[in-house]
Amino acid sequence: MVTVVGAGFAGSEAAWGLAQRGTPVRLVEMRPHRMTPAHQTGDFSELVCSNSFKSREADSPPGQLKAEMVALGSIVIPTGEAHRVPGGTALAVDREKYAASITQALNEHPLISVERRAIGPQEVEELAQQAGDPAHSLVIATGPLTTEDLATWLAGQTGQEHLYFFDAVSPTVEADSVNREIVFAESRYGKGGGDDYLNCPFNKEEYYAFIDALLAADKVPFKEFEEPKYFEGCKPIEEIAAKGRDSLRFGNFKPVGLTDPRTGRWPYAALQLRPENKEKTLYSLVACQTRMKWGVQQQVLRMVPGLTDAEFVRLGVIHRNTYIEAPKALDPTLQLRNRPGVYVAGQLTGVEGYVESAAMGIWAAHSISRRIAGAEVVPPPRASAFGSLISHLQDETEREFAPMNINWGLFPEVDLGPGKIPKSERRLAKLAAARSEFSAWSTTAAEM
Ligand SMILES: Cc1cc2nc3c(=O)[nH]c(=O)nc-3n(C[C@H](O)[C@H](O)[C@H](O)COP(=O)(O)OP(=O)(O)OC[C@H]3O[C@@H](n4cnc5c(N)ncnc54)[C@H](O)[C@@H]3O)c2cc1C
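Residue numbers here run from 1 along each chain, matching the order of that chain's written sequence. Owing to the predicted nature of the model, reporting of local features is limited to residues with pLDDT of at least 70; listing and counting of side-chain atom pairs is limited to 80 or more, with chain, interface and lining totals taken over all residues.

Before going further, it helps to spend a moment on the overall build of the chain. Each helix is a run of DSSP H or I of at least 4 residues and each strand a run of E of at least 2, with the numbering of both proceeding from the N terminus. For the chain, the count of helices and strands is 13 helices and 16 strands. Computed over the C-alpha atoms, the radius of gyration of the chain is 22 Å, within 12% of the 22 Å expected from 2.2 N^0.38 for a compact globule of 448 residues. By its C-alpha atoms, the chain is 70 × 50 × 45 Å across when sized along the principal axes. Field definition: a residue is buried when 20 or more other C-beta atoms are found within 10 Å of its C-beta, exposed when 12 or fewer are, and partly exposed for counts in between, with C-beta atoms placed from the backbone. When the 448 residues of the chain are sorted by exposure, 46% land in the buried category. A separation of at least 24 residues holds for 70% of the contacts in the chain among residues at least 6 apart in sequence. Here the globule rule is a power law, 2.2 Å times the number of residues to the power 0.38, and the radius of gyration is based on C-alpha atoms. C-beta atoms are placed from the backbone for every residue, and two residues are taken to be in contact when these atoms lie within 7 Å.

Laid out in C-alpha cells, this is it:
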C-alpha cells in the first residue's frame, strides 16, 4: 500500500491517480482535527484563497497544462469544470461544491482508505524505511503549510538547514520584453560569467522618481500567521528605501563596477537581472523582493530603465511558504535523491498554484505506478507543460530557487529560422510543439 500524506491538491491527485491504476492507497490528512492557519474546512483539495484555476483558454500556458493533466487522468480539472461558475476566461469554481465532490470521490474509492490525523517525523521515518519497495512508496504532499515537525524532518532528508519557511520572491520577466538598447550585459567589475547579469541603469532623476513611487505604493498587509521574520538579505526593497532615499543605491541597487556602454561610466544606481533558466528566456530582478500590491507593483517596476514594456511572469511576494530546493533534492520523477521510494508532490516541490501543485501530484502517481509495474519512467517531453514545470524543478542554474507558476517563459523557444518573428507566432509555435510532443509521449512512453 502506498501512503500519501496530505489531501490537498497534490495529495488528492496522487491518491486518485494511484488508485485508478489499481494501487491501494492510504491517504492521511490532518484536517479537521488539526487545521492549518489558512484552511477553513476538513474537505480535500480546499481552495485556501482565490477560487480560480486560471485560464481555460487552450492557447495559454495554464490551458495547455490543464489539457495535459486531463490526458493523464486528473480528478481536479474535470471536477473543477463540473462546478464551474462564471469567471470570464478563467476556470472559476464553486469552492464548496468542488471540494465536497473531490472528498466524496476519494472517500468512496474502493482502493483508497482515508485516515484523519497529522503524521509526525517518527512515523514518516518508519514509512520512508519501507518505501524502497515501489508498492510501499511514500508521497509527501503536505503543502506550503506543512506542520513544522514534518518540515524539519524533510529538511533533514534534503540536506538543507531549513526549508524556505518564508518566501521572499523577486519578480521575474520574460527576456525578450527587456529593452536591450538600455539594459546592458556585464558582471560586476567584469568578474564571473561575462554576460550572466543584465543591468538596468538609473540616472539620478529616474532613481528618485522610482524611490518616490516605491514608497507611495500600496503594500499587502501580513496575515495574522505571517509574522515577518526576514532572512538577512531578504528585506523588501520598500523597507530598505524607507530608511533613506539613498539606501537602495548603496545596497541592492549599487552600481559599482558596472560600466554603462552608453556613457562609459557607472550609473547612479543599477538594478540587476539574473537568468532564471539555462535557456535565458526568463530573468529575475535581483534582490528586488517586495510586498507592493500586484497592480501597482507592475507600474512601479516598469519605471526601471529598460523595463518599460516588461512582461512579468511572476510578481514579487513575501508570504509564508514551505518548499525544498528541488534541483538539489529531487530527481525528475519527484523522488528524493537520497531516499528511494520517498516522493514529494505539490507546492513543496517548488511549483506555485493550485493547478501546478495538482499536476505534481499526478506526476508523482504516474512515476510510482510505472515503477510498480516494472516499467521505465520516461520524463515528459521538454516542450510540454509538464516538461516545462519539471525543467524548472531540475534546472541547476545558479539562482535563488523560488516557486513558479506555469508561464510562457518556461516553454522552450522553437527555432523558426532567421529574422524577427512576432511574439504571438513564437508562442503559437511553442504550443504546437507542446501538443504534438506531449501527445506522442502520452501514447507511448506514458501508457500504463
Ligand atoms: C495563504 C495562502 C494563499 C494561497 N492562495 C492561492 C491562490 O489564490 N491561488 C493559487 O493558485 N494558489 C494559492 N496558494 C498556493 C496554494 O497553497 C497551493 O497552490 C496549493 O494549495 C498547494 O497544494 P498542495 O497540495 O501542495 O498543498 P495543500 O493544498 O495546502 O495541501 C496540503 C495538505 O496537507 C495537510 N497536512 C499538512 N501537514 C500535515 C501532516 N503533518 N500530516 C497530515 N496532513 C498534513 C494539510 O492539512 C493540507 O490539507 C496559496 C497558499 C497560501 C499558503
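Ala 14, Ala 15, Val 139, Ala 345, Ala 359 and Ala 364 are the most contacted members of the largest nonpolar core, which totals 85 residues. With 10 residues, the single largest contributor to this core is helix 11 (residues 354-372). Two domains each put at least three residues into this core: domain 1 (2-165 + 321-443) and domain 2 (168-318). The residues contacting Ala 364, other than those within four sequence positions of it, are Ala 14, Val 139, Leu 334, Tyr 343 and Ala 345. Linking buried Ala, Val, Leu, Ile, Met, Phe, Trp, Tyr and Cys residues through C-beta atoms within 7 Å yields a set, and such a set is a nonpolar core. Core analysis: the second largest hydrophobic core is formed by 33 residues, Leu 285, Leu 301, Val 304 and Val 313 among them. Where a domain begins and ends is set by an automatic assignment or by a domain database.

Ordered in space as 10-11-12-13-9-14, the six strands form an open sheet in which the pairing is antiparallel. The sheet is open, and its two edges are formed by strand 10 (184-185) and strand 14 (312-314), each paired on a single side. Note: strand 9 (residues 172-174) against strand 14, two bridges, orientation antiparallel. If you follow Thr 172 over to strand 14, its bridge partner there is Arg 314. When DSSP finds two or more bridges between a pair of strands, those strands are recorded as paired.

What follows is about the site of the ligand. Neighbouring the ligand are 34 residues, the closest being Gly 6, Gly 8, Cys 49, Gly 143 and Gly 346. For the shell around the ligand, the elements supplying multiple residues, two or more each, are helix 1 (9-20), strand 2 (25-29) and helix 11. The leading source of residues in the shell around the ligand is helix 1, at three residues. Looking at side-chain class alone, the shell around the ligand contains 17 nonpolar, 14 polar and three charged residues. The criterion for a residue being near a molecule or strand is a backbone-placed C-beta atom within 6 Å of that molecule or strand. Three categories are distinguished: nonpolar for Ala, Val, Leu, Ile, Met, Phe, Trp, Tyr, Cys and Pro, charged for Asp, Glu, Lys and Arg, and polar for the others, with Gly belonging to the last.

Further remarks concern the packing of helix 1 against helix 11. Helix axes are fitted to C-alpha atoms over the stretch in contact, other axes to C-alpha atoms as well, and angles between N-to-C directions run from 0 to 180 degrees. For the pair helix 1 and helix 11, interaxial distance at closest approach is 7 Å and the crossing angle is 30°. Considering the angle they form, helix 1 stands roughly parallel to helix 11. Here the hand of the crossing between helix 1 and helix 11 comes out right-handed. Between helix 1, through Phe 9, Ala 10, Gly 11, Ser 12, Glu 13, Ala 14, Gly 17 and Leu 18, and helix 11, the contact on the second element is made entirely by Tyr 354, Ser 357, Ala 358, Met 360, Gly 361, Ile 362, Ala 364, Ala 365, His 366, Ile 368 and Ser 369. Of the residues belonging to the contact of helix 1 with helix 11, the class tally is 11 nonpolar, seven polar and one charged. An angle counts as roughly parallel when it lies under 35 degrees, as roughly antiparallel when it exceeds 145, as roughly perpendicular when it falls between 65 and 115, and as oblique in every other case. The crossing is said to be left-handed when, going from far helix to near helix, the turn is anticlockwise and less than a right angle, and right-handed when the turn is clockwise.

Once that is clear, we can look at the domain arrangement of the chain. Often, the extent of an interface is quoted as the loss of accessible area on bringing the components together. On domain assignment, one finds that the chain holds domain 1 (2-165 + 321-443) and domain 2 (168-318). Between the C-alpha centres of domain 1 and domain 2 there is a distance of 31 Å. Tallying the contact residues gives 12 residues for domain 1 and 14 residues for domain 2. By residue class, the composition of the side of domain 1 that touches domain 2 is five nonpolar, four polar and three charged.

For the rest of this paragraph, the subject is the pairing of strand 2. Among the five residues that make up strand 2, four are buried, leaving the element largely enclosed by the rest of the structure. Relative to strand 2, strand 1 (residues 2-5) runs parallel, the two sharing four bridges. Its bridge partner lying in strand 2, Val 2 is registered against Val 25. For the crossover that starts at strand 1, traverses helix 1 and ends in the parallel strand 2, the hand is right-handed. Here five bridges tie strand 2 to strand 6 (residues 112-116), and the two strands are oriented parallel to one another. Counted as the bridge partner of Val 28 is Glu 115 from strand 6. The handedness of a crossover follows from its direction of travel: if, with the strands pointing away from the viewer, the path from the first strand over the helix to the second runs clockwise, the crossover is right-handed.

With that settled, consider unusual backbone geometry. Between Arg 31 and Pro 32 the backbone carries a cis peptide bond, its omega angle lying at 5°. Tracing the backbone through its elements, the reader meets Pro 32 in the loop between strand 2 and strand 3 (52-55). Here Lys 280, not a glycine, exhibits a phi torsion of approximately 55°, which is positive. By the element assignment, Lys 280 lies in the loop between strand 12 (269-275) and strand 13 (282-285). Backbone geometry places Leu 334, a non-glycine residue, at a positive phi of 75°. Position of Leu 334 among the secondary structure elements: in the loop between helix 10 (326-329) and strand 16 (342-344).

The next point concerns helix 7 (residues 204-216). When the terminal C-alpha atoms of helix 7 are compared, their 19 Å separation across 13 residues agrees well with the 18 Å that a helix rising 1.5 Å per residue should span. Listed as buried for helix 7 are Tyr 207, Phe 210, Ile 211 and Leu 214. Axial view of helix 7: buried residues confined to an arc of 100°, hence all on one face. Helix 7 presents Glu 205 and Ala 216 as exposed residues on the side facing more than 90 degrees away from its buried surface. Contacts from the buried residues of helix 7 go to strand 11 (198-202), helix 8 (237-242), strand 12 and helix 9 (294-301). Expected helix span is given by 1.5 Å per residue-to-residue step, counting one fewer step than there are residues. In this context, the arc is that of the directions from the helix axis out to the C-beta atoms.

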